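# Survey of secondary and tertiary structure
Each chain, letter by letter, is given below.
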Amino acid sequence: MQTDARKPAPEWLVPFLAAALSVPTFVAFWIGGRPELGAIYGAVSLLFGAILVVGSRSDTLRMLRGVDDDERTLLLEYKATTAMGLVLVTALAGLFLAAGIRGENGLVYGALLVLAEITHVVALAVLSRKG
Amino acid sequence: MKNAIRELRARQSLSQAELAKAMQVSRQTINAIETERYTPSLPLALALARYFETTVEEVFHADGRA
């Protein structure tokens, strides 16, 4: 019995999106006059997509592709996403404080921190109504 | 959580993959339950008990908890 799992996405979707992200990445940096940087960042994105396709035997990569999604993989994904959020917020807080030490206004980092906290609060409010 | 899934499965000569297919979960999830690395949701626990024609209490043991 499948419980609490999302409708499975096609197996090719995540690798395709990861690879496809290389195009706007390259174009954005090319427009900004740094095509070499765009090529490097785009290549990283392409490489990630390729690893997702090639590494079919890895349980972790299978979960990233959404293969055999079920309640356990969904729970693991929640935990992994929480860890990712925690690392990002910690990094942003560090960058915000570092900006303050350097005498900068740190507006971008501060705004992102506020956005993260607002998202957290709104998500909690919405999810608590759903039970 | 301690459980009797492995014994019940062996009694019916079922592979992890076959049980996983019947429960619509991955083989890795059945393995994780058997090795007590994952406690299934209540719906999945009920489905496992029904599949083996027994009760949840017979399949899962709370191990000291009320």
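None of these values were measured; they are calculated from a predicted model. (Residues numbered from 1 in each chain as written. Chains lettered and ligands numbered in written order. Predicted model: local features only at pLDDT ≥ 70, side-chain atom pairs only at ≥ 80, totals over all residues. Heavy atoms only, no water.)

### Considerations on the nonpolar core
Residue and element names in this part refer to chain B. In this structure, I5, L19, M23, I33, L48, F52 and F60 are the most contacted members of the largest nonpolar core, which totals 20 residues. For this core, the secondary-structure elements that each account for two or more residues are α1 (5-11), α2 (16-23), α3 (27-34) and α4 (42-51). Per element, the largest residue contribution to this core is 5 residues, and it comes from α4. When neighbours within four sequence positions are excluded, I33 is seen to be in contact with N3, I5, Y38, P40, L44, L48 and F60. (Core = buried A, V, L, I, M, F, W, Y, C linked by side-chain atoms within 4.5 Å. Buried < 20%, exposed > 50% of the residue type's maximum accessible area, 1.4 Å probe, protein only. Helix = DSSP H or I, 4+ residues; strand = E, 2+ residues; numbered from the N terminus. Contact = heavy atoms within 4.5 Å.)

### What about the packing of aromatic side chains?
Residues and elements named next belong to chain A. Per the stated rule, a full pass over the model turns up 3 aromatic pairs over all chains. Ring plane angle 80 degrees and centroid distance 6.0 Å describe the contact between W12 and F16, whose orientation is recorded as edge-to-face. With relative accessibility at 55%, the residue W12 sits in the exposed group. Between F29 and Y41, the aromatic rings sit 5.1 Å apart at their centres with planes inclined by 70 degrees, giving edge-to-face as the arrangement. Residue F29 is found in helix α2 (residues 22-31), and its partner Y41 is found in helix α3 (residues 35-54); the two are separated by 12 residues along the sequence. You can call F29 partly exposed: its relative accessible area is 29%. (Phe/Tyr/Trp six-rings, centres within 6.5 Å; stacked < 30°, edge-to-face > 60°.)

### Here's the deal with unusual backbone geometry
All names here are of chain B. Phi at S13 is positive, roughly 50 degrees, even though this residue is not glycine. Residue position: S13 is located in the loop between α1 and α2. Positioned with a positive phi, E53 is a non-glycine residue whose angle comes to about 55 degrees. Within the secondary structure, E53 is located in the loop between α4 and α5 (56-59).

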